[in-house]
Amino acid sequence: MILKDLNLIGFGKFKNKNIQLKEGINLIYGENEAGKSTIHSFIHGMFYGFLRPNVRSALYTEEHEKYNPWDGSRYAGVLSFKYKDRIYRIERDFTKGQERTKVFDENRGEDITNSIDNGPARVLQPGIHFFGFNTRIFSNTISIKQLGSKTEDRLGQEVIEKLINVSQSLDDDISIDKAILELRDRMAEIGTERAPTKPYARNLKSIERLQEEREKILLEKDDYESYLEEKDRLNYELKKEENNLQYLRDNLRKLEIYEKAKKFEEARIIQGDIEGLEKKIEELSIYDHVSMEDYKEAINLTNSIEYMEKDIGESQIKLKETEGKLESLEDDVRDGESQDLDQITKDYNLYEELEEERNTILYNKGDNRLEFLKRDYNDNTKDMSRFKTIQVICLILSLVSLGIMALVPSIRFYVLILNIVSLLGYQYNKLKLKKLKDMVNNINEQILELENKERERKERIEEIELIQTNLLEKYKLKSKLELKRLYDRVQLEYISREENILLYNEHISTKKSLLDKIDQLKIDMENSINQLQKILEKNKADNLEEFSKALEKKSLYEKHIKELESKKELLNKTLGQTTMEELVLELRDEVIDRNVGVLDKNQLKYEIDRSNERISDYRVALRGVEENIKILGKKISRLVEIEEELERKRQYKEELENEYKALELAANTIETISKDIHDEFAPDINNKVGKLIEKITNGKYNKIRVDESLNITIENPFTKELIRISDLSGGTIDQLYFSLRFSLINSMVENNFPLILDDCFIQYDDNRLRNVMEFLVDLSHDRQVILFTCHKREKEILEELNVDFNFIPLM
């Protein structure tokens, strides 16, 4: 992801402020109160707004009111960025109660606001869609701030605390230990059976006492208990069956009206939508005349007028400065020229050209190639002698074999084979000799050619040296160095005489250009103002804000017209051949349940008959049980009171146990999850932090240890002893904190997201700062870096490193 344009329409102290960001390093410099934090918060606000996280109601953070424009102007901004080879634009209006956010795909020119995945957030937060995480993780990963001005002991402790929180919960402001401690405290308040003074143990004791009393009564009243249980069971079954019967009857009735009700409900909703749309269209019809093209032209004219006003002011300042410079140069202008400069320049350039030609000739000498050719010539000559000898031998063998064939006919066949072999050998050597002879002739020609070229090179070098000697003698000089000094001295004399004349003429030209530019700008600005006024009058608007609101109304008007046509088509399709009035009469006073559509009417009727039979049986049995209970009830009224009290105590016991288990499960779950997070990232973090701290400390420290308890130590590379973080200097702790945070980011966040650093290196000395800037330069090849600073050291280091970076000064 690459952030490209920040347009602060109205945000804090800024009004219509545009900042262009680029790939690589973006250095935003400004002194205190220059607005660095405002721009940083603007980026965060455009992606996430300023709503408090994890609350049900829409509560704004303090930053929302803090950055409301001081002059009461429009509280809004635009942010453009590149993501996955596409350009997107976020437009956000921060005004409380009227907050509006739009997201556009610039490549397609399409409003994609409705397709943005916003998670559970109430207000549109594009950061959740594009980054894949919420505002807390954004503030604790992509954005890194300084630890602040603290003592070294406190600084070291804060690094440990923040590392623990981030590694456990991905948020350096959320403490897992505190959350678990609160859960354990609540568990202790509830208590267990071994804590007699706590609510749980006291309730258990009350239950035991009531049970003992109850058992005494039950030993004498077993029959009464049996009747009570039977009564409860029969009442429960009767009530259950009565509820079931009513449920079956209701479902039967609901099923009969379901189909008609379904059609009416769909039609009613569509009809309501149509009436609402017609009313809105009538209200918005007054904006039908508003033109989008006129609005775009008005925006361009407004920006052009503001730019011309600024340009006129700057040009008038430059004009005044130019006139002052002309006055100071009038007495210094003198005519003059150097008579010898042209000749000396010509001679010096000739000397340089000859020197370069001489060096080229010496570099291109062909001695080595000539030696190789001579060696090949000698080797091939030797081969020719060897093949000639073999040829003679083959010829002699052929002649001898012919003589033997004539003298000894008995071995003629074998001698004939020898003769053929000898002739073949003779012919082969003849061919080889011809090929070698051609090669020797070719090599000899190349040798002659190279020798001629070498002779020509030597003659040219002698000629060049003679010309150079004559040039030096012309000026009575002995070396090229003396000629160079003479050339430089004459040139400086000429420049010193001509410089004031050229500068004076240049200022004259500048003055004329500035006067012409100012006159033209005034004319253009007046024309633009008149043109803007005509556009506003044409669209019945007093200013651009009214124009913008009217344009939004027109867009809504056109959208409602399309929706109305679609709704009318849908209504006709839904109603078919019936009308709304017919459906109203048929469904009057009926309650509609849409869940009964899957029921079987015949099965419902059968189940109703069976339910009536069971109810009759339950009522007969219940009357007999109640008569027996009435007889025994007077003697055991106390048992009822005990049962009621026991039930309350048992419910209270169950509530305490459930709460205790829930608290224990929550604490254990949080501990397990935080340990899993630590186990996942700790090995990778140890390795990454070690490499990163080695780079930014210039090799002073290269090994870091983060144990299971997240205690941090650094190994001294010389003594191998482990150093506690609290024993390090503030600058080193700041470096370590940066390394830890960056390593955690690299383990949790994709590498293609930008990295935003806000005054992270205030406590760094020059060497530390240079090391970390070199690291950021390497990092900027893979991700965009946005660095806010109130110092000029970062700019100076980047310039010394000859790095191409985007410098943005805040005035």
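This one's a predicted model, so the numbers in the text were calculated from it and none came from an experiment.

Parameters and conventions
Residues numbered from 1 in each chain as written. Predicted model: local features only at pLDDT ≥ 70, side-chain atom pairs only at ≥ 80, totals over all residues. Heavy atoms only, no water. Helix = DSSP H or I, 4+ residues; strand = E, 2+ residues; numbered from the N terminus. Buried < 20%, exposed > 50% of the residue type's maximum accessible area, 1.4 Å probe, protein only. Areas by Shrake-Rupley, 256 points an atom, 1.4 Å probe, with all protein chains shown as cover. 1 Å grid on protein atoms, 1.4 Å probe; cavity = no way out; pocket = protein on both sides within 12 Å on 5 of 7 lines; lining within 4 Å. Points joined across faces, edges and corners; volume = space filled by probe spheres on them. Nonpolar A, V, L, I, M, F, W, Y, C, P; charged D, E, K, R; others polar. Expected span 1.5 Å × (residues − 1). Polar contact = N/O pair within 3.5 Å; in protein donor to acceptor, adjacent residues only side chain to side chain. Salt bridge = Lys/Arg side-chain N within 4 Å of Asp/Glu carboxyl O. pLDDT = per-residue confidence, 0-100. Contact = heavy atoms within 4.5 Å. Pairing = 2+ DSSP bridges. Axes fitted to C-alpha atoms, helices over the stretch in contact; angles between N-to-C directions. Phe/Tyr/Trp six-rings, centres within 6.5 Å; stacked < 30°, edge-to-face > 60°. Lys NZ or Arg CZ within 6 Å of the ring centre and 35° of its normal. Parallel < 35°, antiparallel > 145°, perpendicular 65-115°, else oblique. Left-handed = near helix turned anticlockwise from the far one by under 90°. Patch = residues over 30% accessible without salt bridge, like charges linked within 9 Å, V, L, I, M, F, W, Y side chains within 5 Å. Core = buried A, V, L, I, M, F, W, Y, C linked by side-chain atoms within 4.5 Å.

Caption draft 1: Quick peek at the overall build of the protein chain. For the protein chain, the helix and strand inventory stands at 20 helices and 14 strands. Within the span of the protein chain, comprising 811 residues, buried residues form 38% of the whole. Carbon and sulfur atoms make up 49% of the accessible area of the protein chain, which totals about 49,900 Å².

Caption draft 2: Inspection of the layout of surface pockets at higher detail. Roughly 2,300 Å³ of volume is contained in the largest pocket. In terms of lining, the largest pocket is formed by 45 residues, of which the most central are Arg74, Arg100, Tyr295, Ser548 and Glu552. For the lining of the largest pocket, the secondary structure elements donating two or more residues are β1 (2-11), β2 (14-20), β4 (76-83), β5 (86-93), β6 (100-105), α9 (292-329) and α14 (544-575). Here the lining of the largest pocket gets 12 residues from one element, more than from any other, and that element is α14. Here the residues of the lining of the largest pocket are counted per class, giving 10 nonpolar, 16 polar and 19 charged.

Caption draft 3: Quick peek at helix α16 (residues 601-633). Taking 1.5 Å per residue, 33 residues should reach 48 Å; α16 reaches 46 Å between its end C-alpha atoms and fits that length. Within α16, burial applies to Leu604, Ile608, Ser611, Ile615, Tyr618, Leu622, Val625, Ile629 and Gly633. Between a side-chain oxygen at the N-terminus of α16 and the backbone nitrogen of asparagine 602 the separation is 3.1 Å; the capping residue is aspartate 600.

Caption draft 4: Geometry of the pattern of salt bridges. One pass over the full model with this rule turns up 34 salt bridges. The salt bridge involving arginine 770 is made with glutamate 774; its shortest N-O contact spans 3.7 Å. A residue pair is termed a helical-turn pair when its members lie 3 or 4 positions apart in one helix, as arginine 770 and glutamate 774 do in helix α19 (residues 766-779) at 4 residues.

Caption draft 5: Just the confidence of the model for the protein chain, in detail. Summary statistics for the protein chain give a mean pLDDT of 79 and a share of 83% for residues scoring 70 or more. Taking the mean pLDDT of every element in the protein chain, the minimum, 46, falls on helix α5 (residues 152-169) and the maximum, 96, on β4. Below a pLDDT of 50 lies the segment residues 166-174, which in the model reaches 32 contacts outside its immediate sequence neighbourhood of four places, other chains included. Confidence drops under pLDDT 50 across residues 335-339; counting only partners more than four residues distant or on other chains, this segment forms 9 contacts.

Caption draft 6: Structural view of the sheet that holds β5. As summarised here, the arrangement of the 6 strands in space is β2-β1-β4-β5-β6-β7, forming an open sheet in which the pairing is antiparallel. The strands lining the two open edges of the sheet, one partner per strand, are β2 and β7 (110-111). Pairing between β4 and β5: 8 bridges, direction antiparallel. Across the sheet, residue tyrosine 83 finds its bridge partner in β5, namely arginine 86. The strands that helix α1 (residues 36-48) touches are β1, β2, β4 and β5; relative to β1, the one it contacts most, it runs at about 100 degrees.

Caption draft 7: View of the packing of aromatic side chains. Counted by the stated rule, this structure contains 19 aromatic pairs. Between the aromatic rings of phenylalanine 761 and tyrosine 764, the centroid separation amounts to 5.1 Å while the plane-to-plane angle is 50 degrees, which identifies the pairing as tilted. This pair shows no difference in class: phenylalanine 761 is buried, exactly as tyrosine 764 is. A connected cluster of aromatic rings, assembled from ring pairs, spans Phe47, Tyr48, Phe81, Tyr83, Tyr88, Phe130, Phe131, Phe138 and Phe753. Positioned above the aromatic ring of phenylalanine 14, the side-chain terminus of lysine 13 is 6.0 Å from the ring centre. Directly above the aromatic system of phenylalanine 104 lies the positively charged group of arginine 89, at a separation of 4.4 Å from the ring centroid.

Caption draft 8: The arrangement of the packing of α19 against helix α20 (residues 793-800) in detail. Direction vectors running N to C along α19 and α20 enclose 60 degrees, while the axes themselves pass 10 Å from each other. Comparing their axes, α20 and α19 come out oblique. Crossing of α19 over α20 shows right-handed handedness. Where α19 approaches α20, its residues Asp766, Leu769, Arg770, Met773 and Val777 are matched on the opposing element by Arg793, Glu794, Ile797, Leu798 and Glu800. For the contact of α19 with α20, the class distribution of residues is 5 nonpolar, no polar and 5 charged.

Caption draft 9: Summary view of the environment of aspartate 311. Relative to the assigned elements, aspartate 311 resides in helix α9. For aspartate 311, a relative accessible area of 10% translates into the label buried. When the C-alpha positions of aspartate 311 and leucine 521 are compared, they lie 8.0 Å apart, and in sequence the two are 210 residues distant. Look past the residues within four positions of aspartate 311 in its chain and what remains in contact with it is Lys517 and Leu521.

Caption draft 10: Molecular detail of the packing of helix α10 (residues 341-363) against helix α12 (residues 412-474). Between α10 and α12, whose axes approach to 10 Å, the crossing angle comes to 155 degrees. Classed by the angle they form, the pair α10 and α12 counts as roughly antiparallel. In the packing of α10 onto α12, the handedness of the crossing is left-handed. Between α10, through Gln343, Asp347, Leu350, Tyr351, Leu354, Glu355, Glu357, Arg358, Ile361 and Leu362, and α12, the contact on the second element is made entirely by Arg457, Arg460, Ile461, Ile464, Glu465, Ile467, Gln468, Leu471, Leu472 and Lys474. The residue makeup of the contact of α10 with α12, split by class, is 10 nonpolar, 2 polar and 8 charged.

Caption draft 11: Region of interest: a nonpolar patch on the surface. Judged by side-chain polarity, Val392, Ile396, Val400, Ile404, Leu407, Val408, Ile411, Phe413, Tyr414, Ile417 and Val421 come together as a nonpolar surface patch covering roughly 1,100 Å² of accessible area. Elements that contribute at least two residues to the nonpolar patch include exactly α11 (367-407) and α12. Per-element accounting of the nonpolar patch gives the leading share, 5 residues, to α11. Take isoleucine 396: it is sitting in helix α11. Judged by relative accessible area, isoleucine 396 falls into the partly exposed class, the value being 48%.

Caption draft 12: Region of interest: the pairing of strand β12 (residues 755-758). Side chains of β12 alternate between two faces, with Leu755 and Leu757 and Ile756 and Asp758 buried alike. In this sheet, strand β13 (residues 785-789) lies alongside β12 in parallel orientation, the contact comprising 4 bridges. Each residue of the ladder has a partner; that of isoleucine 756, found in β13, is isoleucine 786.

Caption draft 13: Examining unusual backbone geometry more closely. One non-glycine residue with positive phi stands out, namely lysine 540, at about 55 degrees. By the element assignment, lysine 540 lies in the loop between α13 (480-538) and α14. With a relative accessible area of 70%, lysine 540 lands in the exposed category. Here aspartate 759, not a glycine, exhibits a phi torsion of approximately 50 degrees, which is positive. With respect to the helices, strands and loops of the structure, aspartate 759 is situated in the loop between β12 and α19.

Caption draft 14: Representation of the environment of isoleucine 615. Relative to the helices and strands, isoleucine 615 is located in helix α16. Spatially, the C-alpha atoms of isoleucine 615 and leucine 245 are 9.0 Å apart, while their sequence positions differ by 370 residues.

Caption draft 15: Representation of the side chain of arginine 92 within the structure. Looking at the secondary structure, you find arginine 92 in strand β5. Engagement of the side chain of arginine 92 in a polar contact is seen with the side chain of glutamate 99, the distance being 2.9 Å. At 3.1 Å, the side chain of arginine 92 and the backbone oxygen of leucine 124 are in polar contact.

Caption draft 16: Region of interest: the nonpolar core. Core analysis: the biggest nonpolar cluster contains 41 residues, and Met1, Leu3, Leu6, Phe47, Phe81 and Phe131 have the highest contact counts within it. Elements represented by at least two residues in this core include exactly β1, β2, α1, β4, β5, α3 (126-131) and β13. Apart from residues lying up to four places away in sequence, methionine 1 is in contact with Phe47, Phe81, Lys82, Tyr83, Phe130, Phe131, Asn752, Phe753, Pro754 and Gln784. Counting residues in each nonpolar core, the second largest holds 24 residues, with Ile217, Leu245, Tyr258 and Ile608 among its members.

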